[in-house]
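Next come the chains, spelled out residue by residue.
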2 protein chains.
Amino acid sequence: MNAEKQTYHHGGLRDALIEAAAQILEAEGPSKMSLRSIARKAGVSQAAPYSHFANKNALLIEVAAFGFSRFSDALEKPAPLSNEAEDLREHLAKLGVVYVNFALENKALFQLMFGDALSHITKSETYLKEGARAYDCIDKAVRRLKDDAAATLAAWSMVHGLATLMVDQKISPTEDTEQQVRSILQFLALN
Amino acid sequence: MNAEKQTYHHGGLRDALIEAAAQILEAEGPSKMSLRSIARKAGVSQAAPYSHFANKNALLIEVAAFGFSRFSDALEKPAPLSNEAEDLREHLAKLGVVYVNFALENKALFQLMFGDALSHITKSETYLKEGARAYDCIDKAVRRLKDDAAATLAAWSMVHGLATLMVDQKISPTEDTEQQVRSILQFLALN
DNA sequence: TATGTAAACTTAACAATGTTAAGATAGAAT
DNA sequence: ATTCTATCTTAACATTGTTAAGTTTACATA
């Protein structure tokens, strides 16, 4: 199974389309990610995607779900060293750095994941699952320090706000993002 | 000069187009804000806008500039009662409430202003001026409490993050946004 | 006042996009 | 072997941003 297109039926077109979309999104940006260019990259005709997705947005939801999957993986990597406040704070800082770095390294994907474009679309199972996994990472890390829903929202807002302002080019990018993240988190008081 | 379209030349088409765009944006959302629908609303042909703007994005920059103008006006309304820390904190909280309320009451406009869509476009004079006016409001309010660039960024990130998460429907909206803003700002430590 | 020039506008066309309809192909079940 | 159905193709549609070419108007100058 290494020939790339010998059968009439593609075989795994659904996944191939999601991957093609993600590649175009990263390489050429959202404006170039047309349904037709995605189909072209997957080696099928312009209307082929409609056998697997109701419309373009239904495909994009899966691209976003793929993004949340990678995002959650990245957020689960760091682990708190101990239960002492100092280590828990360090853990939270590491999550913040991962969050912002993911946004900067996957600009268009991050915007698709967190933007409003797909808000009114029916979410898929995997989208909801992977999104919840990311949220849980943040929520648990905060609540070990301060068991308060508002604290999670405060921390999330601060980090997400920084990521958003950077990705949307509302603040000039720094060379050292880690230092930037840590410098604002010093003003987050979880007591 | 109250007849609405009697001359071949419109007279004030440039401003009329900006206003028409802003109205469509608020009333029908960004997807309905096509250059053609804007022209239709202003009572001119589809190509008429090109006499006043290089392209659609150049018009949208002016819509965003209009948004920043309103935004800055709103942010300039509250004034600190005194120089005591308590009053300065209260002033900052008020700015946060204004910020988030503006975002929620002008969802599509807020997304146009702060989104990435126009980032690579050449900014107009008024866009830069009105944007700077908004930033100065926030910066000055923070620096009266803590004269540190990182503190401004921390406060801005937190409030902007909350606004973004709400507008992009990543968190479920609360009935009382003021209370929501204040509840996260309690975790912002400016000492 | 008459004339020329440039700005402001119109109509018509173009390629690209998302989507649908109709039909062709092929793998699987009977 | 035949039928059925999912998967795919081709062709068409309306809508979009944009450009080209031509028309109308305002205004400066003679």
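One can find the structure itself at the top, above this paragraph.
Residues numbered from 1 in each chain as written. Chains lettered and ligands numbered in written order. Predicted model: local features only at pLDDT ≥ 70, side-chain atom pairs only at ≥ 80, totals over all residues. Heavy atoms only, no water.

## What about the pattern of salt bridges?
- Taken as a whole and judged by the stated rule, the model has 20 salt bridges over all chains.
- Note that Arg143 of chain A is salt-bridged to Asp147 of chain A, the shortest N-O span being 2.8 Å.
- On the basis of relative accessible area, Arg143 of chain A is assigned to the partly exposed category, the value being 31%.
- Classification of Asp147 of chain A as exposed rests on a relative accessible area of 61%.
- Two residues, Lys94 of chain B and Glu90 of chain B, come together in a salt bridge whose shortest N-O distance is 3.5 Å. With Lys94 of chain B and Glu90 of chain B both in helix α4 (residues 85-105) and 4 residues apart, this pair spans about one turn of that helix.
- For Lys94 of chain B, a relative accessible area of 36% translates into the label partly exposed.
- Taking relative accessible area as the criterion, Glu90 of chain B reaches 28% and is therefore assigned partly exposed. (Salt bridge = Lys/Arg side-chain N within 4 Å of Asp/Glu carboxyl O. Buried < 20%, exposed > 50% of the residue type's maximum accessible area, 1.4 Å probe, protein only. Helix = DSSP H or I, 4+ residues; strand = E, 2+ residues; numbered from the N terminus.)

## Side note on the relation of the copies chain B and chain A
- Overlay of chain B on chain A (RMSD 0.0 Å): rotation 180°, translation along the axis 0.0 Å. The operation mapping one copy onto its partner corresponds to a two-fold rotation axis.
- Of the interface residues in chain B, 100% have counterparts in chain A that sit at the interface too, so the contact is made through matching surfaces. (Least-squares fit on C-alpha atoms with pLDDT ≥ 70 in both. Contact = heavy atoms within 4.5 Å.)

## Here's the deal with the protein's contact with DNA strand C
- DNA strand C sits among 23 residues. The nearest are Arg36 and Lys56 of chain A together with His10, Ser45 and His52 of chain B.
- Among the atoms of DNA strand C close to the protein, meaning within 4 Å, 52% are from sugar or phosphate groups.
- A distance of 2.7 Å separates a phosphate oxygen of DNA strand C from a polar atom in the side chain of Lys56 of chain A.
- One of the side-chain N or O atoms of Gln46 of chain B is found 3.1 Å from a base nitrogen in DNA strand C.
- Tallied by class, the residues present in the surface near DNA strand C amount to 9 nonpolar, 11 polar and 3 charged. (Near = heavy atom within 4 Å. Polar contact = N/O pair within 3.5 Å; in protein donor to acceptor, adjacent residues only side chain to side chain. Nonpolar A, V, L, I, M, F, W, Y, C, P; charged D, E, K, R; others polar.)

## Thoughts on the packing of aromatic side chains
Residues and elements named next belong to chain A.
- Here the structure, examined in full by the defined rule, presents 19 aromatic pairs over all chains.
- Ring centres 5.0 Å apart and planes at 80° place the aromatic pair Phe71 and Tyr99 in the edge-to-face group. In this pair, Phe71 is assigned in helix α3 (residues 56-76) and Tyr99 in helix α4 (residues 85-105), connecting sequence segments 28 residues apart.
- Ring pairs connect the aromatic residues Phe68, Phe71, Tyr99, Phe102, Phe110, Phe114 and Tyr127, which therefore count as one cluster. (Phe/Tyr/Trp six-rings, centres within 6.5 Å; stacked < 30°, edge-to-face > 60°.)

## Considering the environment of Leu95 of chain A
Residues and elements named next belong to chain A.
- Assignment of secondary structure puts Leu95 in helix α4.
- Judged by relative accessible area, Leu95 falls into the buried class, the value being 4%.
- Taking the C-alpha atoms as reference points, Leu95 and Gly161, separated by 66 residues in sequence, lie 14 Å from one another.
- In this structure Leu95 touches Leu75, Pro78, Cys137, Ile138 and Ala141, once residues within four positions along its chain are discounted.

## Notes on the packing of helix α1 (residues 13-28) of chain B against helix α2 (residues 35-42) of chain B
Residues and elements named next belong to chain B.
- At a minimum axis separation of 9 Å, α1 and α2 run at an interaxial angle of 115°. Here the hand of the crossing between α1 and α2 comes out right-handed. Note on element contacts: α2 touches α1 through Ser37, Ile38, Ala39, Lys41 and Ala42, opposite Leu13, Leu17, Ala20, Ala21, Gln23 and Ile24.
- Of the residues in the contact of α1 with α2, the class split is 8 nonpolar, 2 polar and 1 charged. (Axes fitted to C-alpha atoms, helices over the stretch in contact; angles between N-to-C directions. Left-handed = near helix turned anticlockwise from the far one by under 90°.)

## What to know about helix α7 (residues 149-167) of chain B
All names here are of chain B.
- Over its 19 residues, α7 extends 26 Å from the first C-alpha to the last, a length consistent with the 27 Å expected when each residue adds 1.5 Å.
- Among the 19 residues in α7, 18 count as buried, and that is most of the element.
- One side-chain oxygen at the N-terminal end of α7 lies 2.8 Å from the backbone nitrogen of Ala150; it belongs to Asp148.
- Taken from the residues just after α7, Gln169 is the one with a positive phi, measuring 60°. (Expected span 1.5 Å × (residues − 1).)

## Notes on the interface of chain B and chain A
- In this assembly, 34 residues from chain B lie in contact with 34 residues from chain A.
- Interface area, chain B with chain A, both sides summed: about 2600 Å², of which 67% is carbon and sulfur.
- At the surface where chain B touches chain A, the tally comes to 2 salt bridges.
- Applying the counting rule to chain B against chain A returns 10 residue pairs in polar contact (both at pLDDT 80 or more). (Buried area = accessible area lost by both parts, 1.4 Å probe.)

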